[in-house]
Amino acid sequence: IKIFVPRDAAALSVGADEVAAAIASEAKKRKLQVEIVRNGSRGMLYLEPLVEVTTANGRVAYGPVAPSDVASLFDAGFLEGKAHALGHGLTEEIPYFKNQERLTFARCGITDPLSIEDYRSHGGFVGLAKALQMKPIDIVTEVTTSGLRGRGGAGFPTGIKWKTVHDLPAGEKYVACNADEGDSGTFADRMLMEGDPFCLIEGMTIAAIAGGAQKGYIYVRSEYPHSVHVLREAIEIARRANWLGDNIQGTKHSFDLFVRMGAGAYICGEETSMLESIEGKRGIVRYKPPIPAIEGLFGKPTIINNVMSFAAVPIIIDKGGEFYRDYGVGRSRGTLAFQIAGNIKQGGLVEKAFGVTTRQLIEDWGGGTATGRPVRAVQVGGPLGAYIPESKFDVPMDYEEFAKVDAMVGHGGLVVFDDTVDMAKQARFAMEFCTIESCGKCTPCRIGSTRGVEVIDKIIDDIDRTKNLALLEDLCVTMADGSLCAMGGLTPFPVMSAVRGFPEDFHKPSPNKF
Ligand code: SF4
């Protein structure tokens, strides 16, 4: 009998290791033979630690399980999938899971992340095996056909980036994966790296073949030690199985992969800053041009994408660009891994085609707020994303539709707030975040954000409120127009979305005033 207990950091943080140990000890006590598999997470984080048992009908789920529940699970007959107060029936019939469209996360939570045999028996390396036999330009064409756009937040067409590197003369070239997932409320990259690391390795290797690169780097934030550990082990396993290294699977293609750990700066999620950091320098933004596709890592042509973009590639090559393009709306094709966090009852990851709405995500999947109070605002797209009021909850998740309402889909993170939130304080928080994380290279961001915090403080303290609101708006325009990168350029989004979407929070009488 196989029992699955996730090894994902989210599950570990709520006691998955202790649950696995309790199951092993209880089985021993009862003289029962069980095999405990440490899988990735299914993404229903509100049910973690989610224990699954294989039955003739499929896997049956129990959660959230505490070590103290284990004896009663055995008593109830959970090894045969029998009913228990923590039981949810067949995992894949749980509506939260069933109503998703899992392409990138198709294997996550199902396989043993470090079993290459498991990976292959669930469709792994089919895309790469095909790519090894394809002309590089045909791989680029397939990715272009799929309509895949950078999942890190910017939404730049992946095929164009790859073509730029492909078209440059053969020579030293690189692939770099941005796994510096620093946006508040996001965890999709981490979940994939810990739950299905071979998928990322496969996607990056396909990119290397397309672009003619010999070496790749995965830049992982230091806050993700489990991801670093799993990736390094997976890379070793892939090398031993000749899916990485020289003459992959007996072909002329060679590619090797290395993991680099960041040191905790948000700005290293900006692609040129990340390149500086991989090169061993301080993470500071580079001027563009030259674009990294032409002069990237060590001054050489480099394909840079984030984890989600690379991880989407194996299925695109396996099933074809048109298969992937059939999901989504408008120019936003395929699926996005939405991450629902903050004040939410059922937090977790929902992979869904573009076009789903904020309301569907927070109500149908999230089940409303954890506090049970009405939702007042949702910040979509990380700390540089807009705070969306209820009136915009029905705008479809689509890069262009969100841009029309001065918001951005970004990396797909949603942070939910109930009606007790003070949006003036959230505006201050957004501006303060910029003062802390600014790399300091340009004035509008470095100085502007500090002045911005001071101005918001005056507004909160009701000092010349009308004049200071106008000053804040003026400052935001300067930051948006004059900053070198998205850090300073996008900070005005959350700030001004709070001012415009929730004006009452900026006009109420100060509690300090008599
Ligand atoms: Fe650095 Fe901010 Fe300028 Fe970006 S906008 S280059 S983070 S100072």
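Asks: Describe the pattern of salt bridges, and please don't skip the residues or the numbers.
Replies: For the structure on display, the rule yields 36 salt bridges. With a shortest N-O distance of 3.0 Å, Lys98 and Glu93 are connected by a salt bridge. In this structure, Arg376 and Glu504 form a salt bridge, with 3.0 Å as the shortest nitrogen-oxygen distance. Taken together, the residues span a long stretch of sequence, with Arg376 in strand S14 (residues 375–380) and Glu504 in helix H22 (residues 504–507) at a distance of 128 residues. In this structure Arg376 comes out as buried when scored by relative accessible area, which is 16%. Taken together, the shared-partner salt bridges in this structure form one network comprising Glu26, Lys29, Arg30 and Asp75.

Asks: Provide a residue-level description of the pairing of strand S13 (residues 348–353), including the pertinent values.
Replies: Burial within S13 is extensive, with six of its six residues counted as buried. Residues Gly348, Val350 and Lys352 of S13 are buried on one face, and the alternating residues Leu349, Glu351 and Ala353, pointing to the opposite face, are buried as well. Both strand S12 (residues 335–342) and S13 contribute to a ladder of six bridges, which runs antiparallel. Each bridged residue has a counterpart across the sheet, and for Phe338 the counterpart in S13 is Val350. Turn length for the S12-S13 hairpin, with the two strands adjacent in sequence and antiparallel, is five residues.

Asks: Lay out the sheet that holds strand S7 (residues 215–220) with the relevant residues and their values.
Replies: As summarised here, the arrangement of the four strands in space is S8-S7-S6-S9, forming an open sheet in which the pairing is parallel. The sheet terminates laterally at strand S8 (256–261) and strand S9 (302–306), the two strands that pair on one side only. Here the strands of the sheet are splayed against their neighbours by 20° on average, with no regard to which way each runs. Pairing analysis gives five bridges linking strand S6 (residues 174–179) to S9, with the strands arranged parallel. From the neighbouring strand, Val175 faces S9, where its bridge partner is Ile303. Strands S6, S7, S8 and S9 of the sheet are contacted by helix H10 (residues 197–211), whose axis makes an angle of about 145° with S6.

Asks: So what's going on with the side chain of Asn178? Residues and values would help.
Replies: By secondary structure assignment, the location of Asn178 is in strand S6. With residues up to four places along the chain from it excluded, the contact list for Asn178 reads Asp189, Tyr219, Gly269, Met274, Asn305, Asn306 and Val307.

Asks: I'd love a proper account of the environment of Gly452, names of residues and values included.
Replies: Assignment of secondary structure puts Gly452 in helix H18 (residues 443–460). Overall, the relative accessible area of 0% leaves Gly452 in the buried class. In this structure the C-alpha to C-alpha distance between Gly452 and Ala341, which are 111 residues apart in sequence, comes to 27 Å. Not counting the four nearest positions on each side in its chain, Gly452 is found in contact with Met431, Leu472 and Leu475.

Asks: Could you give an account of the sheet that holds strand S15 (residues 387–389), with specific residues and numbers?
Replies: Paired through backbone hydrogen bonds, the strands of a sheet run either parallel or antiparallel to each other. Sheet architecture is open: five strands sit in the order S13-S12-S16-S14-S15, paired in mixed fashion. At either end of the open sheet lies a strand with only one pairing partner, and these are S13 and S15. Neighbouring strand axes in the sheet, compared pairwise and without regard to direction, differ in orientation by 30° on average. Relative to strand S16 (residues 413–418), S14 is paired through five bridges, and the arrangement is antiparallel. Bridging across to S16, Gln379 finds its partner in Val415.

Asks: Which residues make up the packing of H10 against helix H11 (residues 225–240), and what are the values?
Replies: Closest axis-to-axis distance for the H10/H11 pair is 9 Å, and the angle between their directions is 60°. Taken together, the axes of H10 and H11 lie oblique to each other. As for the relative orientation of H10 and H11, their crossing is right-handed in sense. Contact residues: H10 offers Pro197, Phe198, Leu200 and Ile201, while H11 offers Val230, Leu231, Ala234, Ile235, Ile237 and Ala238.

Asks: So what's going on with the packing of aromatic side chains? Residues and values would help.
Replies: For the coordinates displayed, the defined rule picks out 14 aromatic pairs. Look at Phe125 and Phe198: their rings are 6.3 Å apart centre to centre, the planes differ by 55°, and that puts the pair in the tilted class. With Phe125 in the loop between helix H5 (116–121) and helix H6 (126–133) and Phe198 in helix H10, this residue pair connects regions lying 73 residues apart in the sequence. Residue Phe125 shares its accessibility class with Phe198, and that shared class is buried. On the numbers, 5.2 Å between centres and 45° between planes, the contact of Phe354 with Tyr399 is tilted. In this pair, Phe354 sits in the loop between S13 and helix H15 (358–365) while Tyr399 sits in helix H16 (residues 399–404), placing the two residues 45 residues apart along the sequence. Owing to a relative accessible area of 3%, Phe354 belongs among the buried residues under this scheme. Aromatic rings pair up to connect Tyr119, Phe125, Phe198 and Trp243 into one cluster. One cation-aromatic arrangement involves Arg42 over Phe97; the distance from NZ or CZ to the ring centre is 5.1 Å. The ring centre of Phe4 lies 3.4 Å from the NZ or CZ of Arg59, which sits over that ring.

Rules and cut-offs
Residues numbered from 1 in each chain as written. Predicted model: local features only at pLDDT ≥ 70, side-chain atom pairs only at ≥ 80, totals over all residues. Heavy atoms only, no water. Salt bridge = Lys/Arg side-chain N within 4 Å of Asp/Glu carboxyl O. Helix = DSSP H or I, 4+ residues; strand = E, 2+ residues; numbered from the N terminus. Buried < 20%, exposed > 50% of the residue type's maximum accessible area, 1.4 Å probe, protein only. Pairing = 2+ DSSP bridges. Axes fitted to C-alpha atoms, helices over the stretch in contact; angles between N-to-C directions. Contact = heavy atoms within 4.5 Å. Parallel < 35°, antiparallel > 145°, perpendicular 65-115°, else oblique. Left-handed = near helix turned anticlockwise from the far one by under 90°. Phe/Tyr/Trp six-rings, centres within 6.5 Å; stacked < 30°, edge-to-face > 60°. Lys NZ or Arg CZ within 6 Å of the ring centre and 35° of its normal.

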